[in-house]
Amino acid sequence: MSRTLNVIRLQLINRQTFIWVPLIVLASAVLVSVLIYAMIPTSEPKYGGGGQAPLWVFFAVGLSAMTMTFPFSQAMSVTRREFFLGTLITAVLASAFMGVLFLIGGGIEMLTNGYGVNGYVFHLPWLWEAGPLGAFIVYFALALFFFVVGFTGATVYKRWGPVVLTIASLALALILVGLAFLVTRLEMWEQVWIGILDLGALGLALWGLVVVALLSVVSFLAFRRATP
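Okay, so let's go over this structure. Since this is a predicted model, take the numbers as computed values, not measurements.

Quick notes on unusual backbone geometry
Unusually for a residue other than glycine, N113 sits at a positive phi of about 55°. Judged by its relative accessible area of 46%, N113 is partly exposed. Although it is not a glycine, N118 sits at a positive phi angle of roughly 60°. Relative to the elements of secondary structure, N118 occurs in helix α6 (residues 114-118). On the accessibility criterion, N118 (14% relative accessible area) is buried.

Structural notes on the packing of helix α2 (residues 15-39) against helix α5 (residues 80-111)
In the contact formed by α2 and α5, the axes pass within 11 Å of each other and the chain directions differ by 30°. Classed by the angle they form, the pair α2 and α5 counts as roughly parallel. The interaxial crossing formed by α2 with α5 has right-handed handedness. Residues F18, I19, P22, L23 and L26 of α2 touch α5, and the partners they reach there are T90, A94, F97, M98 and L101. Broken down by class, the residue content of the contact of α2 with α5 amounts to nine nonpolar, one polar and no charged.

Reading the values: the criteria
- Residues numbered from 1 in each chain as written.
- Predicted model: local features only at pLDDT ≥ 70, side-chain atom pairs only at ≥ 80, totals over all residues.
- Heavy atoms only, no water.
- Buried < 20%, exposed > 50% of the residue type's maximum accessible area, 1.4 Å probe, protein only.
- Helix = DSSP H or I, 4+ residues; strand = E, 2+ residues; numbered from the N terminus.
- Axes fitted to C-alpha atoms, helices over the stretch in contact; angles between N-to-C directions.
- Parallel < 35°, antiparallel > 145°, perpendicular 65-115°, else oblique.
- Left-handed = near helix turned anticlockwise from the far one by under 90°.
- Contact = heavy atoms within 4.5 Å.
- Nonpolar A, V, L, I, M, F, W, Y, C, P; charged D, E, K, R; others polar.

From the geometry alone we can't say anything about function, so treat these as descriptive.
See the structure below:
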């Protein structure tokens, strides 16, 4: 366990990757969003998706956690299981940190009437319909999902190379397109959207955590034989 904690410390040595870069991206997204809201001549509430910007950073963080830190860890006699577990715990902690920031941002927007321009980046009605805890889980699950997707992609690349990663990506894209085609042919889009609305943001986030768990298993199986 002590060596797993050392992996967490190792991942957090470069705080720019896990903390400062996501914070800068988030602050920039909020600033740009507020400036855009201020230019819209309406008194109606204005909503935007700027809060998702740091999530794409987490995808890159997941990539770098594997490609940059893993080779260094092997020189420190850290086992693959310890590195994998420590990295995943680091991702959970960083995602929880982003979830807390999401709640703080939503609280600020409510107290300031949307930064004085009735514009909202964090307090989006659909995400907050299950309350603050539900909003936290949604943002936490999204951040963790992006990290694990990036980490899994990097693990597949390290284990089998770019050709297999490309084939797997194309196969996944074809599966998604095939599902969309099937739903269209069966004229089931109405049922799909009703199902999504019934689940709500919290329900989708909980299913997202199931996907995260499955991707983690795939990543670990590939990681056992990945080369630094």
